[in-house]
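Fold and geometry: a report
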Amino acid sequence: MQHEDPAVVGPFVVQSRLGSGAMGTVHLARSPGGRLVALKVVRPELADDPAFRARFEREVEAVRKVGGAFTAAVIDADPGAERPWLATEFLPGPTLQQAVDGQGPLRPDGLRYVAAGLAEALVAIHRAGVVHRDLKPSNILLTDNGPRVIDFGIARALEDVNLTATGIVVGTPGYLSPEQITGGAIGPASDLFSLGGVLVFAASGQGPFGRGPLSVLMHRVVHEEPLIPSLPDDVAGVVRGCLQRKPEQRPLPDDVLKALSPVHPVPLPTASTMQLPAMPTRVDEMPRSNAFADPPAPARLPIEGEKRPAPVGPTFTTSRTYAVLMSLWQLTFTLATSWFSSYSAELGLGGQALVCWLLSLVGLWFLAFRIPFLFGRKIRLVVNADGLTATRAGRTGFVPWAGVSRIRLVGHSRRVWLVVWLDPARAADLPASRRRFHGGHRVFPVAHGATSRRRLRQVGELRSALTWYAGRLFDENY
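Residues numbered from 1 in each chain as written. Predicted model: local features only at pLDDT ≥ 70, side-chain atom pairs only at ≥ 80, totals over all residues. Heavy atoms only, no water.

1. Regarding the packing of aromatic side chains
For the coordinates displayed, the defined rule picks out 2 aromatic pairs. Judged by centre distance (5.7 Å) and plane angle (80°), the rings of F12 and W85 are edge-to-face. Of this pair, F12 sits in strand 2 (residues 12–20) while W85 sits in strand 6 (residues 85–89), and the two are 73 residues apart along the sequence. Taken individually, F12 and W85 each receive the classification buried, so the pair is uniform in this respect. Between F193 and F209, the ring centres sit 6.2 Å apart and the planes meet at 15°, which makes this aromatic pair stacked. Of the two residues, F193 is situated in helix 7 (residues 188–204) and F209 in the loop between helix 7 and helix 8 (214–223); the sequence distance between them amounts to 16 residues. Here F193 and F209 have matching classes, each one buried. Between the NZ or CZ atom of R406 and the centre of the ring of W421, over which it lies, the distance is 4.3 Å. If you follow R442 out to its NZ or CZ, it ends over the ring of W417, 4.1 Å from the centre. (Phe/Tyr/Trp six-rings, centres within 6.5 Å; stacked < 30°, edge-to-face > 60°. Helix = DSSP H or I, 4+ residues; strand = E, 2+ residues; numbered from the N terminus. Buried < 20%, exposed > 50% of the residue type's maximum accessible area, 1.4 Å probe, protein only. Lys NZ or Arg CZ within 6 Å of the ring centre and 35° of its normal.)

Now the structure itself:
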């Protein structure tokens, strides 16, 4: 334990720390009756955020609705405490991620057993009116009585209007569904898509869309076909059905159970068979908890005067497609009206000639307005664990997340801007538009020069990147 760890939380006596992350810490604790529990305790700074308290309370209610047969049962909770906490049943067992990383892909009988167990869990989760939204290998515990689904931290109740209204992208790259990326309606079918990805990982050790930067994975999910390894026929049919892009084409959890029936229990990897390391004595040796996993650790920042390496991460650039199309149309319009003005003048139609001449001037003005978009330099934005890197008018600037107080997507369907509120000392570091929005710097025009389809895709991808790398700073609006 660390000196700042509480000795007692509610009625529970803390034994040791299991892990920590951006949202809080997870402790191994004992109940008054001596039972072991996994105790989540929220960070003090988050406890002052009413929105976070509401989210934490939803997590508690979501787990309680599902019950303990397919997840870690809630023992007790107090979302209204000075530091909100949640105590769940302690399940000593590896995650599916640990099992596959440590012992390799599951055999066909083990794969069927895990697939059926997860489908059964999803039946219970959806029947309780909950969508998990982040089903992934590290959120699945392998126990003696089958797989258990954990971490409902971003789950939403089906009746929650925010489920389809906000369009916020949450989930884990490579396992989230296309509708989570594009901002579509998220329902139970999203969990089935994730189930397909989990089964591909269990059978091959890699997700259906491979590995790579966040933006690459999101592009593959939306636009490319998944890579499905050789699987038993019944499991292959389930995986192909789950990984359909359209939610209505995916099976129901009951359909998955029927396709895999009958299923016979088989021994799954356990903590003892995997020879997992014993509980470390030093806190800095302890593994991160899956329940409170942080985004990828930031890379080392360069020292004063050192040339900064090219940033790596989800990259967004402005497009000239829309400007080119509009310029061609305006050039055609200008030439046509100029010809009509000359033709009308030859026929002695002075009034018509004047109107056509004025229209040609308007077309010429709009064409001149497009020239900067056609020949100007593209604006480039890179989002990663370090912070934001922007290139504008030949100048590249960087600001770390520590220098950002708030981020927002503002505007309407055709003119969306990424607006960033910067620390005054960092305001000059990032090249941005001179126009401001409520004190924030307009950093990036999100797909202003693109088609509506590409604009919606870029908005979804940028929203997902900001949620992943700067979740606490990202204030969703658009």
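2. As for the nonpolar core
Membership of the largest hydrophobic core comes to 88 residues, with the highest contact counts inside it found for L381, V383, W401, I407, L418 and L462. Residue contributions to this core peak at 10 residues, all from helix 4 (residues 108–127). Those residues in contact with I407, other than ones at most four positions away along the chain, are W401, L418, V419, V420, W421, L466, A470, L473, F474 and D475. In terms of nonpolar packing, the next biggest core, distinct from the first, is built from 10 residues, F12, V14, A81 and A87 among them. (Core = buried A, V, L, I, M, F, W, Y, C linked by side-chain atoms within 4.5 Å. Contact = heavy atoms within 4.5 Å.)

3. Some details on the packing of helix 3 (residues 96–103) against helix 7
Viewed as axis vectors pointing N to C, helix 3 and helix 7 meet at an angle of 25°, and their least axial separation amounts to 9 Å. Classified by the angle between their axes, helix 3 and helix 7 sit roughly parallel to one another. As helix 3 runs across helix 7, the sense of the crossing is left-handed. From helix 3, L96, Q97, V100 and D101 reach across to helix 7, where they touch V198, F201 and A202. Its residues assigned to classes, the contact of helix 3 with helix 7 comprises 5 nonpolar, 1 polar and 1 charged. (Axes fitted to C-alpha atoms, helices over the stretch in contact; angles between N-to-C directions. Parallel < 35°, antiparallel > 145°, perpendicular 65-115°, else oblique. Left-handed = near helix turned anticlockwise from the far one by under 90°. Nonpolar A, V, L, I, M, F, W, Y, C, P; charged D, E, K, R; others polar.)

4. Description of the pairing of strand 18 (residues 440–446)
In terms of burial, strand 18 is largely enclosed, as 7 of its 7 residues are buried. Summarising the sheet, strand 16 (residues 416–422) and strand 18 pair through 5 bridges and their orientation is antiparallel. Each bridged residue has a counterpart across the sheet, and for V420 the counterpart in strand 18 is H441. Examined bridge by bridge, strand 17 (residues 436–437) and strand 18 share 2 bridges and lie antiparallel to one another. (Pairing = 2+ DSSP bridges.)

5. Let's talk about the pattern of salt bridges
Counted according to the given criterion, the structure contains 8 salt bridges. Notably, a salt bridge pairs R148 with E89, separated by 3.5 Å at the nearest N-O pair. Of this pair, R148 sits in strand 9 (residues 146–149) while E89 is found in strand 6, placing the two residues 59 residues apart along the sequence. For R148, a relative accessible area of 10% gives the class buried. The partly exposed category is assigned to E89, whose relative accessible area is 27%. Its salt-bridge partner being R426, residue D429 comes within 3.4 Å of it at the nearest N-O pair. Residue D429 is classed as partly exposed on the basis of its relative accessible area, which comes to 28%. (Salt bridge = Lys/Arg side-chain N within 4 Å of Asp/Glu carboxyl O.)

6. Thoughts on the environment of G207
Relative to the elements of secondary structure, G207 occurs in the loop between helix 7 and helix 8. Given the relative accessible area of 12%, G207 is considered buried. In sequence terms G207 and G196 are 11 residues apart; their C-alpha atoms lie 9.2 Å from each other. Sequence-distant contacts of G207, defined by excluding residues within four places in its chain, comprise Y175, V200 and F201.

7. Some words on helix 2 (residues 50–66)
Here helix 2 contains 17 residues, and its C-alpha end-to-end distance of 25 Å stays within 8% of the 24 Å for a straight helix at 1.5 Å per residue. Turning to helix 2, its buried residues number three or more, namely F52, F56, E59, V60, A62, V63 and V66. Buried residues of helix 2, viewed axially, fall in a sector of 160°; they line one side. Facing away from the buried surface of helix 2 by more than 90 degrees, the exposed residues are P50 and A51. (Expected span 1.5 Å × (residues − 1). Arc of directions from axis to C-beta.)

8. Quick notes on the environment of M218
Of note, M218 is situated in helix 8. For M218, a relative accessible area of 1% corresponds to the buried category. The spatial distance from the C-alpha of M218 to the C-alpha of T172 is 9.9 Å, given a sequence separation of 46 residues.

The values reported here are purely geometric and, on their own, carry no functional implication.
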